[in-house]
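Structural characterization, general
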Amino acid sequence: MHGQKRVMVTGGTGFLGSFLCERLLREGNDVLCVDNYYTGSRDNVLHLLDDPRFEVLRHDITFPLYVEVDEIYNLACPASPVHYQFDPVQTVKTNVHGAINMLGLAKRTKAKIFQASTSEVYGDPAVHPQPEEYRGSVNPIGPRACYDEGKRCAETLFFDYHRQYGVEIRVARIFNTYGPRMQTNDGRVVSNFIVQALQNEPITIFGNGTQTRSFCYVDDLIEGFIRLMAAPAGMTGPINLGNPGEFQVRELAEMVIEMTGSKSTIVYKPLPVDDPTQRKPDISRAKQDLGWQPTVNLHDGLEKTIAYFEWKLSGGARNRLNVKPSQEAYPHLAAPTVERIAPEAIR
């Protein structure tokens with residue numbers, strides 16, 4: 001259902017947040033983009049700044065925010081291990097204090113509120129694929145716990161505010177998502193492999209490469225967000241949003257090398273602590289309740305993502321690699337500063 005609403009997106013200058021802001025504007029909403037720029041980038045929303053219905057506010061949601069809104073999408077939190085493990089205490093605060101502040105705002109304004117949860121609440125799963133009923137296998141004291149347990153606690157808070165105060169909530173558990181606007185140094189497997197391949201550097205795989213992931217293209221995920229938020233009252237979730245196509249990490253590396261024409265070789269390093277060996281969503285509930293399932297296959301999504309990173313690594317100019325761009329260009333962005341990835345930082 002389209003119609004003008006006042007919608008706030010926390011983490012709105014990030015990878016997912018910026019695409020969500022675009023979609024909400026296209027549907028005729030007033031959009032307040034809130035971000036502290038810890039992992040987000042103003043570059044991602046520069047092309048939206050001339051829209052009179054779009055506003056950007058620098059703010060950290062671990063502190064209260066007093067605005068008037070009809071809907072809240074809470075996406076604020078670093079999502080890659082490199083970033084969320086850099087300051088684990090702040091990661092927990094963003095998940096827990098941030099959730100409390102945003103839920104308090106929703107309670108006061110009677111706004112509907114969406115929580116971007118994660119497949120990491122399932123930990124290293126003993127059930128495959130992972131349905132929403134599975135309660136997970138998470139190490140509460142490991143190096144990933146700041147994110148995994150932080151998101152689990154945020155889900156607890158959302159459902160307690162729903163039961164105790166009647167706040168209308170939506171909770172989505174997001175599985176691996178990729179696409180343009182990912183950071184070159186964010187430590188996630190798709191962006192790492194593409195950047196290394198485009199620079200003809202060794203592609204680093206942790207473990208033996210047989211661990212699996214399911215990769216959802218960003219446009220499909222945003223469609224899931226919109227459908228869940230528009231679902232009838234009482235459809236709180238949690239609901240899995242991801243692509244059930246399952247690939248070994250080694251398969252992904254080989255696909256990226258082939259698609260980029262790279263001279264990269266593959267090197268193997270030990271698997272990090274608590275890194276899940278399997279990840280695949282059961283999306284039966286999303287299909288049934290939302291009529292949603294992904295439509296972009298991995299090859300097509302990678303083609304668009306590679307084109308973006310070609311542009312980014314070339315400082316804004318088109319590269320000569322034989323990959324078709326996902327769009328003509330990104331002229332609104334300044335030439336980026338590219339940080340090289342240290343292999344030991346990649347997870």
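To start, this report covers the structure provided alongside it. What you are looking at is a predicted structure, and each value in this text was computed from that prediction instead of being measured. (Residues numbered from 1 in each chain as written. Predicted model: local features only at pLDDT ≥ 70, side-chain atom pairs only at ≥ 80, totals over all residues. Heavy atoms only, no water.)

Details of the packing of aromatic side chains
This is how it is decided: In summary, the pairing rule links any two rings of Phe, Tyr or Trp, Trp by its six-membered ring, whose centres are within 6.5 Å, and it sorts them by plane angle into stacked for under 30 degrees, edge-to-face for over 60 and tilted for everything else. Secondary structure elements follow DSSP: runs of H or I of four or more residues count as helices, runs of E of two or more count as strands, with numbering from the N terminus. Here the term buried applies to any residue with accessible area under 20% of the maximum for its type, exposed to any over 50%, and partly exposed to those in between, with areas from a 1.4 Å probe on protein chains only. Working rule: Lys NZ or Arg CZ, within 6 Å of ring centre, within 35 degrees of ring normal, means a charge sits over the ring.
Tallying each qualifying case throughout the model produces 10 aromatic pairs. Both rings, one in Phe15 and one in Phe19, keep their centres 6.3 Å apart while their planes meet at 90°; by these two values the pair is edge-to-face. Here Phe19 and Phe15 lie together in helix α1 (residues 15-26), a separation of four residues that amounts to about one turn. This pair shows no difference in class: Phe15 is buried, exactly as Phe19 is. An angle of 40° between the planes, with centres 5.7 Å apart, marks the rings of Tyr308 and Trp311 as tilted. Within this pair, Tyr308 and its partner Trp311 are both found in helix α9 (residues 298-313), separated by three residues, close to a single helical turn. Residues Tyr308 and Trp311 agree in their burial class; the two are buried. Grouped by ring-pair contacts, the aromatic residues Tyr73, Phe114 and Phe225 constitute a single cluster. A cation sits over an aromatic face here: Lys107 above Tyr165, 3.8 Å from the ring centre. Against the face of Phe19 rests Arg181, its NZ or CZ located 4.0 Å from the ring centre.

Let's talk about the sheet that holds strand β5 (residues 112-118)
Stated precisely, the cut-off is as follows: Strand pairing is assigned whenever DSSP identifies at least 2 bridges connecting the two strands. For helices, the fitted axis covers only the stretch in contact; all axes are lines through C-alpha atoms, and the angles between them, taken along N-to-C directions, range from 0 to 180 degrees. When checking whether two residues touch, look at their non-hydrogen atoms; a contact exists if any pair is within 4.5 Å.
Ordered by their spatial adjacency, seven strands build an open sheet running β3-β2-β1-β4-β5-β6-β11, and the pairing between neighbours is parallel. What marks the edges here is a single partner per strand, and that holds for β3 (54-58) and β11 (239-241). Across the sheet, the mean angle separating the axes of adjacent strands is 20° when strand polarity is ignored. Along the sheet, α1 contacts β1 (6-10), β2 (30-35), β3, β4 (71-74) and β6 (169-174); its crossing angle with β1, the most-contacted strand, is approximately 170°.

Considering the packing of helix α3 (residues 88-109) against helix α4 (residues 145-165)
Packed helix pairs are characterised by how far apart their axes lie and by the angle those axes make with each other. Put simply, the rule reads: Orientation is classified from the angle alone, with under 35 degrees giving roughly parallel, over 145 giving roughly antiparallel, 65 to 115 giving roughly perpendicular, and any other angle giving oblique. A clockwise turn of the near helix away from the far one marks a right-handed crossing, whereas an anticlockwise turn of less than a right angle marks a left-handed crossing.
Orientation of α3 relative to α4, taken along the N-to-C sense of each, is 15°, at an axis distance of 9 Å. Taken together, α3 and α4 sit at an angle that is classed as roughly parallel. In the packing of α3 onto α4, the handedness of the crossing is right-handed. Facing α3, whose interface residues are Pro88, Thr91, Val92, Asn95, Val96, Ala99, Ile100, Leu103, Gly104 and Lys107, α4 presents Cys146, Tyr147, Gly150, Lys151, Cys153, Ala154, Leu157, Phe158, Tyr161 and Tyr165.

Examining the nonpolar core
Proteins that are soluble and globular tend to have nonpolar side chains buried together. The test is simple: To define a nonpolar core, start from buried Ala, Val, Leu, Ile, Met, Phe, Trp, Tyr and Cys residues and group those joined through side-chain atoms within 4.5 Å.
Membership of the largest hydrophobic core comes to 61 residues, with the highest contact counts inside it found for Leu20, Tyr73, Phe114, Phe193, Phe225, Leu252 and Leu302. Once residues lying within four places of it in the same chain are set aside, the contact partners of Tyr73 are Val7, Met8, Val9, Thr10, Leu20, Leu24, Phe114, Phe225, Ile226 and Met229. Counting residues in hydrophobic clusters, the runner-up holds 25 residues, among them Met8, Val34, Ala106 and Tyr161.

Quick notes on the packing of helix α7 (residues 249-260) against α9
Put simply, the test is: Note that Gly is not counted as nonpolar here; it falls among the polar residues with everything else outside the nonpolar set of Ala, Val, Leu, Ile, Met, Phe, Trp, Tyr, Cys and Pro and the charged set of Asp, Glu, Lys and Arg.
Look at α7 against α9: their axes get within 11 Å of each other, and the N-to-C directions meet at 55°. Classified by the interaxial angle, the pair formed by α7 and α9 is oblique. Here α7 runs over α9; the crossing is right-handed. The segment α7 lies against α9, with Leu252, Met255, Val256, Met259 and Thr260 engaging Leu298, His299, Leu302, Glu303 and Ile306. Counted by class, the contact of α7 with α9 contains seven nonpolar, two polar and one charged residues.

Regarding unusual backbone geometry
With an omega of -10°, the peptide bond between His128 and Pro129 qualifies as cis. With an omega of 0°, the peptide bond between Gly237 and Pro238 qualifies as cis. With respect to the helices, strands and loops of the structure, Pro238 is situated in the loop between α6 (218-230) and β11. In this structure, Lys110 is a non-glycine residue whose phi angle is positive, near 60°. In this structure, Lys110 sits in the loop between α3 and β5. Since its relative accessible area comes to 75%, Lys110 is described here as exposed. Although it is not a glycine, Arg181 adopts a positive phi angle of roughly 80°. Residue placement: Arg181 occurs in the loop between β7 (177-178) and α5 (189-198). Residue classification places Arg181 among the buried residues on the basis of a relative accessible area of 8%.

Things to note about α1
To keep it simple, the criterion reads: Helix span, as expected, comes to 1.5 Å for every residue beyond the first.
The end-to-end C-alpha separation of α1 is 18 Å, in line with the 16 Å expected for 12 residues at 1.5 Å each. Of all 12 residues making up α1, 11 are buried, and the element is well covered by its neighbours. Backbone geometry just downstream of α1 places Gly28 in the positive-phi region, at approximately 90°.

Describing the pairing of β5
How we decide: With the strands pointing away from the viewer, any crossover whose connection runs clockwise from the first strand over the helix to the second is right-handed.
Counted residue by residue, β5 has seven buried out of seven residues, so it is predominantly covered. In β5, alternate side chains face the same way, and those of Lys112, Phe114, Ala116 and Thr118 on one face and Ile113, Gln115 and Ser117 on the other are all buried. Of the pairings in the sheet, the one linking β4 to β5 comprises four bridges and is parallel in character. Bridge pairing in β5 links Ile72 to Ile113. In terms of strand pairing, β5 meets β6 through six bridges, oriented parallel. Of the residues in β6, the one forming a bridge with Phe114 is Arg170. You can see the chain leave β5, run along α4 and come back into β6, and the turn it takes is right-handed.

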